[in-house]
2 protein chains.
Amino acid sequence: MTADTPPASDGPLVRELSEDGLLARILPLLPRGEQTLVPPGDDAAVVAAPDGRFVVTTDVLVEDRHFRRAWSSGQDVGRRAAVQNLADVAAMGASPTSLVAALVIPGDLPVSWVEGLARGLAAECLPLGVGVVGGDLSGGPAVVVAVTAHGDLGGRAPVLRSGARAGDLLAHAGVAGRSAAGLALLEAGRADVDPELVAAHLRPVAPVAAGPEAASAGASAMLDVSDGLLRDAGRMARASGVRIELDSAAFRQDQERLRAAADTLGAVAQRWVLDGGEDHGLLAAFPPGCALPDAFRPVGRVRAGAGVHVDGEPAPAASGWDHFAG
Amino acid sequence: MTADTPPASDGPLVRELSEDGLLARILPLLPRGEQTLVPPGDDAAVVAAPDGRFVVTTDVLVEDRHFRRAWSSGQDVGRRAAVQNLADVAAMGASPTSLVAALVIPGDLPVSWVEGLARGLAAECLPLGVGVVGGDLSGGPAVVVAVTAHGDLGGRAPVLRSGARAGDLLAHAGVAGRSAAGLALLEAGRADVDPELVAAHLRPVAPVAAGPEAASAGASAMLDVSDGLLRDAGRMARASGVRIELDSAAFRQDQERLRAAADTLGAVAQRWVLDGGEDHGLLAAFPPGCALPDAFRPVGRVRAGAGVHVDGEPAPAASGWDHFAG
């Protein structure tokens, strides 16, 4: 090997393979799932719904809107696409059973990137017994990953956003602010300051098992925190017709964890905690007397009224994140 | 109104509305569905699965790959996105219950186009009692519509591609070649020759109800004809380990219907019938003694062997349609 040797190749590009050739590389990477009765390969898959109902949600990731290929590997994107959907299923109190993925990919994408994406989906699904039971592939001008996930309620009532009642305890599972802090570090070119926060942005970890646990414990309302604590708490408050009171001290550890990043960037760690999205924690209300599942800790109270208060003061409306203006 | 009046405006563009504002226009257009227990608005929807299993399939449409905005209205694209997924559900012998749609839209798209898309989904779903139970919206460089559809098997076994056996009758429901002929007319700028064929391309009609009927009648194998009769018959032959023998005379009426278009373009109508995709008919095998449902007519036989024969001669391998090379 000499200095003139070109860098190691990424291997073939998507456009150099047929659709069948690409599928032949991807399909073996995907987990079948414990509830899958007819796996991919026919016109549709068949999945068990032992409860007689299924939960379904869909979320899409678009290149240069939700991720950048310069920062995210295919595996990162696959994990994130799975996690954000699995968290939505969990937020209903359901156990995820299966997902399908529609994938739009430019012809100049390395095949290894697509294989990474499949491995990322598998990495999140396999430990939960979730099957990747279908998909579709198309060319297109940018990478788009549209995942639809399904879950089983195991005989429990779905936990909606609208069930919180005055007197309930408010509790949170997962982390807060890390994804936003990690993104800020990436945008500032300072990923070196705290690679773990950057990883929390690229590969968020959702407390998926905590969703059904909360339902079993009697949670009255729950949602996935994908757009920031204040914004999502506001949604629960509106849907339930209540006031949500958050206690910022409950997030002191989350805030502390962000200190180095905040100091470096001259940012306010508490804003990341309260406004930062895409951590995919679970925010739930529990009636008095419920035993909180281990993954949850108290972060506030549900009161009569409207809106979201932090430490007794009305919270400023969180600034909206608009996907279309960009 | 004077000659100087500008043409009627398409109204606001997507980028002029917030995501919530856009959702407020779309959601009222979507049917709830007969099996929907928790409608959109929470982290996920809940759909009944009375059979204890559900069928699931996903298909994506990408602008300038699967449709052109110059030819297809939003409503056309919505109908097509629904139909191709509902046909896949039907091809398993299931009755569709629900779908979700992930939508990527450029900011310069008229809001009316997106409303049309919602109306197109509704137009296909409402008559079947199918609910549009979830979705996601994102900006992006081109329109992408990723639909995932679900169905209920009603206690029947799913009808796979792999169940055809020597001695079975082969039958077809729906039309053949019309979508390909319509596309050819559009590409040649001769939509005037046969607007009905053009409509068959832009808004294909699938015999969705015939899928569960075939299952009830005892079909041994079935698939949705989306990539052309020869190619999809070849899939059934491979999956079942049989030879499929097609009788071209059975498609004489389909071929006759295409004559004016074929004469105009100097094309061969039989190639459209045998190779044309996206008609979304159903190809099914029935064991001897089954009573064919009304929607099906005999088009051939299943024999021992391999491959696809037409009128006793081995069919040339259909040329593949590759989504990535373009």
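Rules behind the numbers
Residues numbered from 1 in each chain as written. Chains lettered and ligands numbered in written order. Predicted model: local features only at pLDDT ≥ 70, side-chain atom pairs only at ≥ 80, totals over all residues. Heavy atoms only, no water. Buried < 20%, exposed > 50% of the residue type's maximum accessible area, 1.4 Å probe, protein only. Helix = DSSP H or I, 4+ residues; strand = E, 2+ residues; numbered from the N terminus. Pairing = 2+ DSSP bridges. Axes fitted to C-alpha atoms, helices over the stretch in contact; angles between N-to-C directions. Left-handed = near helix turned anticlockwise from the far one by under 90°. Contact = heavy atoms within 4.5 Å. Nonpolar A, V, L, I, M, F, W, Y, C, P; charged D, E, K, R; others polar. Buried area = accessible area lost by both parts, 1.4 Å probe. Salt bridge = Lys/Arg side-chain N within 4 Å of Asp/Glu carboxyl O. Polar contact = N/O pair within 3.5 Å; in protein donor to acceptor, adjacent residues only side chain to side chain. Domains from an automatic or database assignment.

All names here are of chain B. The alternating pattern of strand β9 (residues 243-246) places Ile244 and Leu246 on a buried face and Arg243 and Glu245 on a face that is not buried. In terms of strand pairing, β9 meets strand β11 (residues 296-303) through four bridges, oriented antiparallel. Note that in β11 the partner of isoleucine 244 across the bridge is valine 302. In the sheet, β9 pairs with strand β12 (residues 308-310) via three bridges, with the strands oriented parallel. What sits directly across from leucine 246, in β12, is valine 310.

Quick look at the packing of helix α2 (residues 74-90) of chain B against helix α3 (residues 111-125) of chain B now. Residues and elements named next belong to chain B. Between α2 and α3, whose axes approach to 6 Å, the crossing angle comes to 35°. Once α2 is placed against α3, the crossing between them reads as right-handed. In this structure, α2 uses Gly74, Gln75, Val77, Gly78, Arg79, Ala81, Ala82, Val83 and Leu86 to contact α3, whose residues at the interface are Trp113, Gly116, Leu117, Arg119, Gly120, Leu121, Ala123 and Glu124. Of the residues contributing to the contact of α2 with α3, the split by class is nine nonpolar, five polar and three charged.

Of the residues lining the interface, 65 residues belong to chain B; the matching set on chain A comes to 65 residues. Between chain B and chain A the total buried area reaches about 4900 Å² when both faces are included, carbon and sulfur atoms providing 63% of it. Viewed at the interface, chain A and chain B are joined by four salt bridges. Connecting chain B to chain A are 16 residue pairs in polar contact (both at pLDDT 80 or more). Taken together, the elements giving at least two residues each to the side of chain B that touches chain A come down to α1 (19-26), β1 (36-38), β2 (45-48), β3 (53-62), β4 (95-105), β5 (131-139), β6 (144-152) and β8 (221-225) of chain B. Element by element, the count of residues in the side of chain B that touches chain A is highest for β3 of chain B, at nine residues. A per-class count over the side of chain B that touches chain A returns 37 nonpolar, 16 polar and 12 charged.

Take the domain arrangement of chain A next. Residues and elements named next belong to chain A. You can read the domains of chain A as domain 1 (15-152) and domain 2 (161-314). Domain 1 puts 18 residues into the contact, and the matching count from domain 2 is 18 residues. The largest per-residue losses of area from domain 1 upon contact with domain 2 belong to Trp71, Arg80 and Ala91, which jointly make up 36% of the total buried on that side. Taken together, the links from domain 1 to domain 2 amount to two salt bridges. Measuring nitrogen to oxygen at the nearest pair gives 3.1 Å for the salt bridge that ties arginine 80 to glutamate 278. No other element matches helix α2 (residues 74-91), which puts 10 residues into the side of domain 1 that touches domain 2.

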